[in-house]
Amino acid sequence: MAKSLVTGGAGFLGSHLCEYLLNKGHHVIAMDNLLTGTISNIEHLQGERFKFVKHDVTEYIYIAGKVDFVWHFASPASPLDYLQLPIQTLKVGALGTHKALGLALEKNAAFILASTSEVYGDPMIHPQHESYWGNVNPVGPRGVYDEAKRFAEALTMAYHRYKGVDTKIVRIFNTYGPRMRPNDGRAIPTFIPQALANKPITIFGDGSQTRSFCYVDDLIEGIYRLMMSAYHEPVNIGNPCEMTIRQMAETVIRLTDSSSKIVEKPLPVDDPKVRQPNIATAKQILDWEPRIEFEEGLCRTIAWFRHKMSAEES
Ligand code: NAD
């Protein structure tokens, strides 16, 4: 039976990945230091084939016995988190990736790095194809995340080219779904609780910047297919359905039947103006494309937040 290690397994994406792998019959170890993740994301997974290990992956990783797959997802991911945790973000992208790759080498396991569309920075090319090298400000506040991931990609390719590790790199575009933290600063988990409470919806700038949102189930399916493939170059996984932040906020208001009004807040430094994945590689190599329409995914996410908020009130 396959054995998987998921670093960052108590986070938003990591917990969905653990669940997916358990459903595929894997033994799963979720390793996390709970910096931005929480046990409540994984407590429903407890069972014979699932184990949680509290550990900081910037330190040496010890696992007894075989490991077949290493899924390296540990890292603060929302702008609010990584701006508050700049050193931890750089450390987990650099030292954490080094330790996770070292384990993959030792165990002869396949490895996948959760990279990000942020490696493209504020892009000069639109939509973004994997061949684009990006437009990142290394010394701006967001550089701690963008450059950590760019270093992590370089390290991953070095372990592939010079040590023969079976590595994969997924460049994840904005993803949403149940288990996002309401206070993590990302647009969807900020807007939904605001709309459900009929409070003002706070957008950055005039909201004309665009994003492309992928529902979490689609993303995890794409990542699984990439891990099982023999492709070693980076692959974009995301939903090309692009919209402005203002359009997205209006959709949240409509689907929650809210009386909230949209208010503008100052635009963060180096905020990307546009973001849309070119997913031709994923279609060709993985026969993958997203299936869940934005409004369908949003309704599922709203239902989860509604349930969570009413449970907290009672
Ligand atoms: P998250 O914050 O919910 O999860 C990250 C997890 O990593 C948390 O549980 C945190 O406690 C853990 N972690 C952080 N540092 C650690 C360390 N040193 N040792 C052990 N655990 C540590 O974020 P997420 O949205 O689930 O993102 C997961 C991964 O996907 C990240 O690597 C992120 O960069 C990448 N990603 C996510 C998105 C997205 O839209 N969610 C987009 C692009 C890339």
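A brief report on the enclosed structure follows.

## Section: the site of the ligand
No. 1: The environment of the ligand is made up of 30 residues, and the closest members are Leu-13, Asp-32, Thr-36, Tyr-145 and Lys-149.
No. 2: The backbone of Leu-13 places a nitrogen or oxygen atom 2.8 Å from an oxygen atom of the ligand.
No. 3: Taking Lys-149, its side chain carries an N or O atom lying 2.8 Å from an oxygen atom of the ligand.
No. 4: Coverage of the ligand by the protein chains reaches 97% of its 820 Å² of free accessible surface.
No. 5: Put simply, the parts of the chain that give the shell around the ligand at least two residues each are helix H1 (12-23), strand S5 (110-116) and helix H4 (143-163).
No. 6: With three residues, the single largest contributor to the shell around the ligand is S5.
No. 7: Here the shell around the ligand is composed, by residue class, of 14 nonpolar, twelve polar and four charged.

## Overview of the packing of helix H5 (residues 187-196) against helix H9 (residues 294-313)
When two helices pack together, you describe them by how their axes are tilted relative to each other and by the distance separating the axes.
No. 1: Packing of H5 against H9 leaves a shortest axis separation of 10 Å and a crossing angle of 60°. Judged on the interaxial angle alone, H9 and H5 are oblique. The chirality of how H5 crosses H9 is right-handed. Residues Ile-188, Pro-189, Ile-192, Pro-193 and Leu-196 of H5 form the contact with H9, whose own contacting residues are Phe-294, Leu-298, Thr-301, Ile-302, Phe-305, Arg-306 and Met-309.

Scoring rules and cut-offs
Residues numbered from 1 in each chain as written. Predicted model: local features only at pLDDT ≥ 70, side-chain atom pairs only at ≥ 80, totals over all residues. Heavy atoms only, no water. Near = heavy atom within 4 Å. Polar contact = N/O pair within 3.5 Å; in protein donor to acceptor, adjacent residues only side chain to side chain. Areas by Shrake-Rupley, 256 points an atom, 1.4 Å probe, with all protein chains shown as cover. Helix = DSSP H or I, 4+ residues; strand = E, 2+ residues; numbered from the N terminus. Nonpolar A, V, L, I, M, F, W, Y, C, P; charged D, E, K, R; others polar. Axes fitted to C-alpha atoms, helices over the stretch in contact; angles between N-to-C directions. Parallel < 35°, antiparallel > 145°, perpendicular 65-115°, else oblique. Left-handed = near helix turned anticlockwise from the far one by under 90°. Contact = heavy atoms within 4.5 Å.

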